[in-house]
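Below are the chains, spelled out letter by letter.
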Amino acid sequence: MSYDLTIIPRDPGQDWDDALEAAELADDEELADADPAVWARITARVRELLPDAVDHGDELDDEATGIQVECWGAEAAVSAPYWHTGATAERVMALMYQAAAILAEETGLQAYDPQLGEAVDGQHLAAATALYAATAATIRNDAR
């Protein structure tokens with residue numbers, strides 16, 4: 001299980017549900033590899049946040065946080081497993097929101113937090129962090 005942020009095309013005025021449905025219906029050709037120049041910029045910027053992230057071509061993985069950043073031609077995502085609570089959860093969520101903002105800026109797509117049903121925006125970071133930390137704590141307690 002992971003906390004996921006989705007970065008997809010969204011037309012002005014289009015609601016998120018319609019944008020998500022359109023992204024799901026996009027054919028495989030639209031999900032081609034990211035433009036190499038765009039991916040190079042994304043990689044450089046994300047590595048400022050996650051300097052140990054390993055580049056797998058269209059995916060960056062940071063072992064310490066579990067954060068994964070992926071980018072295809074018409075879609076991108078940021079995710080992290082529910083490993084962290086407390087101050088570490090705050091740090092991980094802040095890094096995820098920053099990475100999603102980088103993806104949105106570099107691709108021209110829009111970043112969405114499906115767990116909250118809101119755009120990825122600093123004003124929603126506290127609510128996202130609370131939800132992430134609570135879910136991580138529940139998973140930990142269930143595992144005992």
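Going by the structure above, here's the rest.
Residues numbered from 1 in each chain as written. Predicted model: local features only at pLDDT ≥ 70, side-chain atom pairs only at ≥ 80, totals over all residues. Heavy atoms only, no water.

**Quick notes on the packing of aromatic side chains**
Here is step 1 of the chain: This structure, assessed with the given rule, holds four aromatic pairs.
Here is step 2 of the chain: With a centroid separation of 6.3 Å and an interplanar angle of 75°, the aromatic rings of Y3 and Y82 are classed as edge-to-face. Of this pair, Y3 sits in strand β1 (residues 2-8) while Y82 sits in the loop between β5 (76-81) and α3 (86-107), and the two are 79 residues apart along the sequence.
Here is step 3 of the chain: Geometrically, the ring pair formed by W16 and Y112 is stacked, given 4.5 Å between the ring centres and 25° between the ring planes. Remark: Y112 occurs in strand β6 (residues 110-113) and W16 occurs in helix α1 (residues 16-25); sequence separation between them is 96 residues.
Here is step 4 of the chain: Looking at W16, the relative accessible area reads 12%, which means it is buried. (Phe/Tyr/Trp six-rings, centres within 6.5 Å; stacked < 30°, edge-to-face > 60°. Helix = DSSP H or I, 4+ residues; strand = E, 2+ residues; numbered from the N terminus. Buried < 20%, exposed > 50% of the residue type's maximum accessible area, 1.4 Å probe, protein only.)

**Here's the deal with the nonpolar core**
Here is step 1 of the chain: If you look at the biggest cluster of nonpolar residues, it comprises 36 residues, and the most contacted ones within it are I67, V78 and M96.
Here is step 2 of the chain: Those elements that place two or more of their residues in this core are β1, α2 (36-49), β4 (68-71), β5, α3 and α4 (125-143).
Here is step 3 of the chain: Those residues in contact with V78, other than ones at most four positions away along the chain, are Y3, D4, L5, I7, I67, Q68, V69, M96, A99, A100 and L103.
Here is step 4 of the chain: Counting five residues, the second-largest nonpolar core is a separate cluster that includes I8, W16, A19 and Y112. (Core = buried A, V, L, I, M, F, W, Y, C linked by side-chain atoms within 4.5 Å. Contact = heavy atoms within 4.5 Å.)

In short, geometric facts, not functional conclusions.
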